[in-house]
Amino acid sequence: MIQLTDATVIVNNEAIGVIPNSVKFTEGLGEQVVRAVSIGGGKVEQVYAKNLETNFSRFMFSMPATPETVRLARQWKTNSNQNVVQLAGSTPEGTVTRTFTGAALTKDYEVPIGTEENIEIEFMANAAI
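Predicted model, so just to flag it, every value in this text is computed and none were measured. (Residues numbered from 1 in each chain as written. Predicted model: local features only at pLDDT ≥ 70, side-chain atom pairs only at ≥ 80, totals over all residues. Heavy atoms only, no water.)

A separate point is unusual backbone geometry. Backbone geometry places Asn12, a non-glycine residue, at a positive phi of 50 degrees. The exposure class of Asn12 is partly exposed, given its relative accessible area of 27%. Residue Asn13 is not a glycine yet carries a positive backbone phi of 65 degrees. Along the polypeptide, Asn13 turns up in the loop between strand E1 (7–11) and strand E2 (14–16). (Buried < 20%, exposed > 50% of the residue type's maximum accessible area, 1.4 Å probe, protein only. Helix = DSSP H or I, 4+ residues; strand = E, 2+ residues; numbered from the N terminus.)

Listed below in structure tokens is the structure:
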């Protein structure tokens with residue numbers, strides 16, 4: 001088995017240089033809640049529910065703090081939720097691809113200044129497809 005370690009990140013049709021080992025995402029399948037209801041005699045049954053408020057994907061990565069990446073981050077932020085993020089990665093055993101539409105930088109990203117500083121990016125998006 002070979003672990004996926006080298007993925008391509010594309011934002012708005014532009015390949016982005018990312019810091020290795022910084023890319024991660026959630027599928028956007030949301031959170032679920034399991035509660036118990038008493039049916040008497042010390043017995044319970046479960047009530048399962050999906051919390052639809054959490055059915056969003058998150059897509060995160062780090063990129064070096066350069067004038068170009070600061071420009072990109074600002075552009076993505078001002079695009080509101082009109083960004084599209086794509087992921088493509090493969091090993092000899094298979095390929096993983098995801099597309100995240102309606103992607104928005106909901107948090108105000110920080111731009112650190114320094115020799116080895118990175119901008120941490122986190123998009124919130126529709127569930128991955």
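Glancing now at the nonpolar core. The biggest cluster of nonpolar side chains holds 20 residues, and the ones touching the most others in it are Phe61, Trp76, Ile121 and Phe123. Counting only elements with at least two residues in this core, the list comes to E1, strand E6 (57–64), helix H1 (67–78), strand E7 (83–91), strand E8 (94–105) and strand E9 (118–125). Filtering out sequence-adjacent residues up to four positions away, Ile121 remains in contact with Phe59, Met60, Phe61, Met63, Ala73, Trp76 and Leu105. (Core = buried A, V, L, I, M, F, W, Y, C linked by side-chain atoms within 4.5 Å. Contact = heavy atoms within 4.5 Å.)

Glancing now at the pairing of E8. For a regular strand, side-chain orientation follows a simple rule: the groups alternate between the two sheet faces. Sheet analysis places E7 next to E8, joined by eight bridges and oriented antiparallel. Bridged to Ser90 within E8 is Thr95. The loop that links E7 with its antiparallel partner E8 comprises two residues. Here two bridges tie E8 to E9, and the two strands are oriented antiparallel to one another. Bridge assignment links Ala104 to a residue of E9, and that residue is Met124. (Pairing = 2+ DSSP bridges.)

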